[in-house]
Amino acid sequence: MAYALFIIEMITAFVLAATLLYRYGDCYRNHILVTLSVLTAWYFSFVIMFILPLDISSTVYRQCLDSAHSTPTTSLQSNISNVTTTEAPPENHCQKPWSFVPDIVFPNLWRVVYWTSQCLTWLIMPMMQSYSKAGDFTVKGKLKSALVDNAIYYGSYLFICGILLIYIALKPGVYLDGPKIKAIASSASNTWGLFLLILLLGYALVEVPRNLWNNSKKNYTLTYSYFKVAKLSTDKCEAEETVDEIIETLNSVTAAVGPGHPLHRHVETIVQKLPIQLRDKLNSRAPPERPTAPSFKSLVNLHKKTIKALHVLQRTETQWGLMLERIFHLEDVASNARSPDQRFQHTFHTPRPRLQRLLYPPLVEWYWECFLKQYFLKAMAVVTCILSVAVVWSELTFFCKKPVLSIFANIINASKDTYNYAAIVSISTLVIAYMFYCAYSTVLKIRLLNLYYLAPHHQTNEYSLIFSGMMVCRLTPAMCLNFLSLVHMDSHVIKERVRETFYTQIMGHMDVLGIIAEGFNIYFPMLVVILCLATYLSLGSRLLSLCGFQQFVGDDELTTDLVDEGREIMKREKRKRQRAEESLARRRDYSERFANYRADRDNRDGDYYVTPNEPSYKQPELSIEDELDQRFGESTLPTVRTEFDGRRREKMTMPPRGLFDDV
């Protein structure tokens, strides 16, 4: 029974990580090594989120035992000094949590999680990421390029660490040994993670509640979506122009490098990277008159540019498809809200499974989309706003030991006094999960990191999946150490010797480098508050808008122009889809009429004519997306489909040419 909750949460963490990876990645298209690495990174991050509250409740119980064992000794010594009779020590009143596990479990678990995560985030995943974007044509060349990229990246870190070690070695009274070097490395990692966490939380703690509140307003959401689709149209055009330039370069290269040329197989490798539509476009172009043969180095650079350009094009087309579906849905909600029928009507038919049609009929969909959803989003905005205020206040006051001002520390102390371990586990899980969501949802929204994008419906590529795995492994330890400081379970923060969690014993304390340690308890809270105020006042968006960058500012002329442009883009896209559906409907109607005519003729003239075996004219029932693909051909990149569309199953033991191609 003691291991029940522990096992349940371990299984829950795995199911959650596997479900998210299935939703965002494509396990049948991505390489098996990428899938396993990202699954391990996500799984261990969720393990920390779910198991750390159990470690906290176990630590509370062990603290109670320590205080109970120390109290009888003190009273006994006091009685002896007063020459009085000695009383029997009181019984132990500490209640054991039902989720308590032996002390050996948590240290072994945290060691496995810590070292595996560190190896993934600092060694394996950076090499895989650099390998995936390398332009070389051999395994040796790709590994060499990956090593060079990582050597440049980590060389700067080693240079800084070397300066710090020299500074510490020359400091009088300080001697370096193995444990001290390990502590310095842990402090450097915590410093990097904490400052990145400040930036992410300072933005997300304000933006998450505000986005929920704004999404409850239908007109605002639709206007903002028009603005985003106009910006995305520009990005999509730029990506297509970049791919056209690469196709033009490839045209001259293929004309100069014939079948007998030594570099012909490398050119074919680059051409095979292109989707079918782009290959047809390349073959249809006329070759230049006097092409120049490229060098091997220029082919490597061209291969690298091709990989990046196709990656950007796939990201923009995926975002484009998802944004079109979102705006079509928002326009349907706006039109159905004015309808007296109270039955949700879709402009474009989307096939749904039978179970969803039974549990989510048009009547229920109308009440949810047009009436209940806005109130639910407002309630969630209020809840997340309360959580954000509690987190900011606790960040401001967690250095204050007496009186205890941190909200979460007071909640843990109150639950500790009443042995309410369920409250400790529930509140700790809720707060860690909220900080987890705020930090990681912000990483992929930053415009500077727009190269990485997690797209649902299996549209996320390997590069973005690897990046997300790296970030969760780097941020989760620092975020959880920060939470332990908020609940006053880090002795290096409250400056008091207390029984610590096994997580702190393995992962280290929330220490920063000694050079910036002085005054950290002053500027750390100030940075959080300053960033939250700047986000609340939209100072960053207004400053970027003044500099000429396109930002959604309600009273700005550029914003109004982009909203109008987005509205016109959606009108064109809707007319295009309506014409395609009408054409397909006419074809289907004609096929059905012609099939009925042939059947009637055969029945009527069956006595006089012997009809040979002919193929049936009746076409199988196809979805709109499948008929569009049959009529206009496969799209340049994977189309955005629903979760219920049939996906071709391929063996995972034989991944296609993707990340580790040309091997």
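Residues numbered from 1 in each chain as written. Predicted model: local features only at pLDDT ≥ 70, side-chain atom pairs only at ≥ 80, totals over all residues. Heavy atoms only, no water.

Could you give an account of the UniProt feature "transmembrane region" (unreviewed entry) in the chain, with specific residues and numbers?
When the UniProt feature table is mapped to this numbering, "transmembrane region" (unreviewed entry) covers residues 6-25, 32-52, 151-170, 190-208, 375-399, 419-444, 465-487 and 520-539. End C-alpha to end C-alpha, residues 32-52 measures 30 Å, and it is 100% helix and 0% strand. Measuring from the first to the last C-alpha atom of residues 375-399 gives 38 Å, for a span that is 92% helix and 0% strand. (UniProt positions renumbered as here; feature names shortened; annotations may be inferred. Helix = DSSP H or I, 4+ residues; strand = E, 2+ residues; numbered from the N terminus.)

Can you break down the pattern of salt bridges residue by residue, with the values?
A full pass over the atoms with the stated rule returns 11 salt bridges. Where R577 meets E325, a salt bridge forms, and the shortest distance between an N and an O atom there is 3.1 Å. Here the residue R577 occupies a position in helix 20 (residues 557-604), and E325 occupies one in helix 9 (residues 296-337), the gap between them amounting to 252 residues. One salt bridge in this structure joins K574 and E331, with 3.0 Å as the shortest N-O distance. Of this pair, K574 sits in helix 20 while E331 sits in helix 9; the two residues are 243 residues apart in sequence, bridging distant segments of the chain. Taking relative accessible area as the criterion, K574 reaches 23% and is therefore assigned partly exposed. Given the relative accessible area of 16%, E331 is considered buried. (Salt bridge = Lys/Arg side-chain N within 4 Å of Asp/Glu carboxyl O. Buried < 20%, exposed > 50% of the residue type's maximum accessible area, 1.4 Å probe, protein only.)

Which residues make up the side chain of S216, and what values do they have?
Here S216 shows up in the loop between helix 5 (178-215) and helix 6 (218-256). Side-chain polar atoms of S216 contact the backbone oxygen of W213, separated by 2.4 Å. (Polar contact = N/O pair within 3.5 Å; in protein donor to acceptor, adjacent residues only side chain to side chain.)

Explain the packing of helix 3 (residues 105-133) against helix 14 (residues 462-486) to me, and be specific about the residues and the numbers.
Packing of helix 3 against helix 14 leaves a shortest axis separation of 9 Å and a crossing angle of 160°. On the basis of the axis angle, helix 3 is roughly antiparallel to helix 14. Of the two elements, helix 3 crosses helix 14, and the hand of that crossing is left-handed. Contact residues: S117, Q118, T121, W122, M125, P126, M128, Q129, S132 and K133 in helix 3; Y463, I466, F467, G469, M470, C473, R474 and P477 in helix 14. Here the residues of the contact of helix 3 with helix 14 sort into 10 nonpolar, 6 polar and 2 charged. (Axes fitted to C-alpha atoms, helices over the stretch in contact; angles between N-to-C directions. Parallel < 35°, antiparallel > 145°, perpendicular 65-115°, else oblique. Left-handed = near helix turned anticlockwise from the far one by under 90°. Contact = heavy atoms within 4.5 Å. Nonpolar A, V, L, I, M, F, W, Y, C, P; charged D, E, K, R; others polar.)

Describe the packing of aromatic side chains, naming the residues involved and giving the relevant values.
In this description, a pair of aromatic rings is defined by centroid distance and the angle of the planes. Applying the stated criterion to the full structure yields 16 aromatic pairs. Their ring planes at 85° and their centres at 5.5 Å tell us that F14 and Y43 sit as a pair that is edge-to-face. Within this pair, whereas F14 is found in helix 1 (residues 4-24), its partner Y43 is found in helix 2 (residues 32-81), the two being separated by 29 residues in sequence. Taking the relative accessible area as the measure of exposure, F14 reaches 40% and is therefore partly exposed. Judged by relative accessible area, Y43 falls into the buried class, the value being 15%. (Phe/Tyr/Trp six-rings, centres within 6.5 Å; stacked < 30°, edge-to-face > 60°.)

A description of a nonpolar patch on the surface should follow, citing residues and the corresponding values.
Together, L363, V364, Y367, F371, L372 and Y375 line one region of the surface with nonpolar side chains, adding up to about 550 Å² of accessible area. Take F371: it is sitting in helix 11 (residues 362-397). For F371, a relative accessible area of 40% puts it in the partly exposed group. (Patch = residues over 30% accessible without salt bridge, like charges linked within 9 Å, V, L, I, M, F, W, Y side chains within 5 Å. Areas by Shrake-Rupley, 256 points an atom, 1.4 Å probe, with all protein chains shown as cover.)

So what's going on with helix 7 (residues 264-273)? Which residues, and what values?
Turning to helix 7, its buried residues number three or more, namely H266, V267, T269, I270 and V271. Packing partners of the buried residues in helix 7 comprise helix 6, helix 8 (276-283) and helix 9.

Could you give an account of the packing of helix 6 against helix 9, naming the residues involved and the relevant values?
Taken N-terminus to C-terminus, the directions of helix 6 and helix 9 make an angle of 155°; their axes are 8 Å apart at the nearest point. The orientation of helix 6 relative to helix 9 falls into the category roughly antiparallel. For the pair helix 6 and helix 9, the sense of crossing is left-handed. Its residues assigned to classes, the contact of helix 6 with helix 9 shows 20 nonpolar, 8 polar and 9 charged.

Just give me the short version of the nonpolar core, but keep the residues and values in it.
Residues F6, W42, I51, W110 and Y503 are the most contacted members of the largest nonpolar core, which totals 91 residues. The greatest single-element share of this core, amounting to 20 residues, is contributed by helix 2. Core analysis: the next-biggest nonpolar cluster, separate from the first, contains 22 residues, L250, V257, V267 and V300 among them. (Core = buried A, V, L, I, M, F, W, Y, C linked by side-chain atoms within 4.5 Å.)

I'd like to hear about unusual backbone geometry, residue by residue, with values.
You will see that H488, though not glycine, has its phi angle at about 60°, which is positive. Residues other than glycine seldom take positive phi values, yet S538 does so here, at roughly 55°. Checked against the element boundaries, S538 lands in the loop between helix 18 (520-536) and helix 19 (539-546). Of the residues examined, S538 reaches a relative accessible area of 23% and is grouped as partly exposed.

Give a detailed account of the state of the cysteines, specifying residues and quantitative values.
Two cysteines joined by a covalent bond between their sulfur atoms form a disulfide. The tally for this structure, following the rule as stated, stands at 1 disulfide. Across the disulfide from C64 sits C94; the S-S distance is 1.9 Å. Its S-S torsion of about -90° marks the bond between C64 and C94 as left-handed, since a negative value means left-handed. Pair noted here: C64 is in helix 2 and C94 is in the loop between helix 2 and helix 3, with a separation of 30 residues, a long-range link. (Disulfide = S-S within 2.5 Å.)

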